[in-house]
Amino acid sequence: MNFSQQLVNGIVLGHAYALIAIGWTVLLGVARLVNFGHGQMYMLGAFVTWYGVSRLGLPYFVAIPVAMLAGVAVGYVMQRVMLQLTLKQDLVSIMIVTLGFGYVLHGAAALFFGSTGQILETPFSTKDIYWGDLWFTYQDIAIVIVAILFFAALKYVIDRTRIGRLARMVAEDPQLAQLAGVNVRRVYLGVFAFEGAAVALAAALVAPRTPILTSMGFDEVIITFVVVVLGGIGSVTGSYVAGLALGLFTAFFGAFVSPAYATAAAFAVLIAVLVIRPGGLAVSPGGR
């Protein structure tokens, strides 16, 4: 196996993992909540992008914001349905509701889009680049560039802007933040809407690399869980590092050992890291 090629594959895969997980990272960091429908939201974003390009004839660059708007709508509706549970921090009920919501999205997607796998071709995914013995596509470059810019922008917003300060206040103590005049409900709704937009953007960029299936969401939940926990709960920087590390690990393990056991091996690494460093890869006490 070509070491350099696997390195390229791992870098692309790692940025894809990080991009998929960032919405859940922010959700955990601000609302201290999990969303087990995250993978199905990814699946829906992929199908909406495919439908816009293949069925409606939209340019790829138009289909992406359409998918993000669909993600915002789904995230907003999900949070509106369970807003009282969120305010009460009823974590068990929230996990059940989001899991059920994910199954509803899965069934609705199968009913509307069909259970047959689809292929999303974009102006980037069909253009190959050969550099010596290395091969990648313009779609791969787009994933890496967008992921880096997205994480940098998000880090700036959280650390340097008023929106970020409000989010951090709610994350530390929602009741105290509410007493200080922060509209906690609006923050929670905004975080879920952001998660929907972020995961839809990830889907629109990453989906051209794989077949689009209604069952793909369940695999993405597993990957997202590993990235978020490995990176440290709510840590933006940690999620980026964890996503990149997991991508490299998956690429090399799949090439030199077996792709069939890559997920099991990733969980073994996760367990080992958490035993040695329970906080994950978060680089700061605040986890950001």
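Preceding this section is the structure that the text describes.
Nothing here was measured: the structure is a model prediction, and the numbers come from that model.

> Help me understand the overall build of the protein chain, please; the structure alone is not making it clear to me.
Secondary structure assignment for the protein chain yields 12 helices and two strands. Secondary structure elements of the protein chain, listed N to C terminal, follow the sequence α-α-α-α-α-β-β-α-α-α-α-α-α-α. The C-alpha atoms of the protein chain give a radius of gyration of 19 Å, which matches the 19 Å a tight globule of 288 residues would have. A total of 288 residues make up the protein chain; the buried ones form 51% of that total. Pairs at least 24 apart in sequence give 76% of the contacts found in the protein chain among residues at least 6 apart. Entry remark: accessible area of the protein chain is about 13400 Å², with carbon and sulfur atoms responsible for 68%.

> What should I look at first to understand helix α10 (residues 216–231) in this one?
Note that an α-helix has 3.6 residues per turn; residues three or four places apart therefore point the same way. Its 16 residues place the ends of α10 23 Å apart at the C-alpha level, agreeing with the 22 Å of an ideal helix rising 1.5 Å per residue. In terms of residue burial, α10 counts as a mostly covered element, since 12 of its 16 residues are buried. Residues of α10 that are buried: Met216, Gly217, Glu220, Val221, Ile223, Thr224, Val226, Val227, Val228, Val229, Leu230 and Gly231. Just past α10, the residue glycine 232 takes up positive phi, approximately 100°.

> Would you mind showing me how to read the pairing of strand β1 (residues 128–131) here?
Moving residue by residue along a regular strand, the side chains alternate between the two faces of the sheet. In this sheet, strand β2 (residues 134–137) lies alongside β1 in antiparallel orientation, the contact comprising four bridges. Bridged to isoleucine 129 within β2 is phenylalanine 136. As consecutive antiparallel partners, β1 and β2 are separated by two residues, and within that stretch glycine 132 has a phi angle of approximately 65°, a positive value.

> How should the packing of aromatic side chains be read in this particular structure?
For any pair of aromatic rings, the description consists of the separation of the ring centres together with the inter-plane angle of the planes. Under the definition given, this model contains 15 aromatic pairs. Ring geometry for tyrosine 51 against phenylalanine 113: centres 5.9 Å apart, planes inclined by 70°, an arrangement best described as edge-to-face. Of this pair, tyrosine 51 sits in helix α2 (residues 38–55) while phenylalanine 113 sits in helix α5 (residues 91–113), placing them 62 residues apart in sequence. By relative accessible area, phenylalanine 113 is classed as buried at 12%. Grouped by ring-pair contacts, the aromatic residues Phe47, Trp50, Tyr51, Phe112 and Phe113 constitute a single cluster.

> Whenever I open this one, the pattern of salt bridges confuses me. Can you help?
Oppositely charged side chains are able to pair whenever their charged atoms sit close together. Throughout the structure, instances matching the rule amount to two salt bridges. One salt bridge in this structure joins aspartate 140 and arginine 209, with 2.9 Å as the shortest N-O distance. Linking aspartate 140 in helix α6 (residues 138–160) with arginine 209 in the loop between α9 (184–206) and α10, this pair joins segments that are 69 residues apart in sequence. Using a relative accessible area of 36% as the deciding quantity, one classes arginine 209 as partly exposed. The partner of aspartate 159 in a salt bridge is lysine 155, with the nearest N and O atoms 3.4 Å apart. Of this pair, aspartate 159 and lysine 155 both sit in helix α6, four residues apart, roughly one helical turn. By relative accessible area, which is 34% here, aspartate 159 ends up partly exposed. For lysine 155, a relative accessible area of 26% gives the class partly exposed.

> Honestly, the environment of valine 74 in this entry has me stumped. Any pointers?
Looking at the element boundaries, valine 74 is found in helix α3 (residues 60–81). Separated by 121 residues in the primary sequence, valine 74 and glutamate 195 place their C-alpha atoms 9.6 Å from one another. Filtering out sequence-adjacent residues up to four positions away, valine 74 remains in contact with Met41, Leu44, Phe101 and Leu105.

Each value, and the rule that gives it
Residues numbered from 1 in each chain as written. Predicted model: local features only at pLDDT ≥ 70, side-chain atom pairs only at ≥ 80, totals over all residues. Heavy atoms only, no water. Helix = DSSP H or I, 4+ residues; strand = E, 2+ residues; numbered from the N terminus. Rg over C-alpha atoms; globule rule 2.2 N^0.38 Å. Buried < 20%, exposed > 50% of the residue type's maximum accessible area, 1.4 Å probe, protein only. Contact = heavy atoms within 4.5 Å. Areas by Shrake-Rupley, 256 points an atom, 1.4 Å probe, with all protein chains shown as cover. Expected span 1.5 Å × (residues − 1). Pairing = 2+ DSSP bridges. Phe/Tyr/Trp six-rings, centres within 6.5 Å; stacked < 30°, edge-to-face > 60°. Salt bridge = Lys/Arg side-chain N within 4 Å of Asp/Glu carboxyl O.

Structural measurements only, silent on function.
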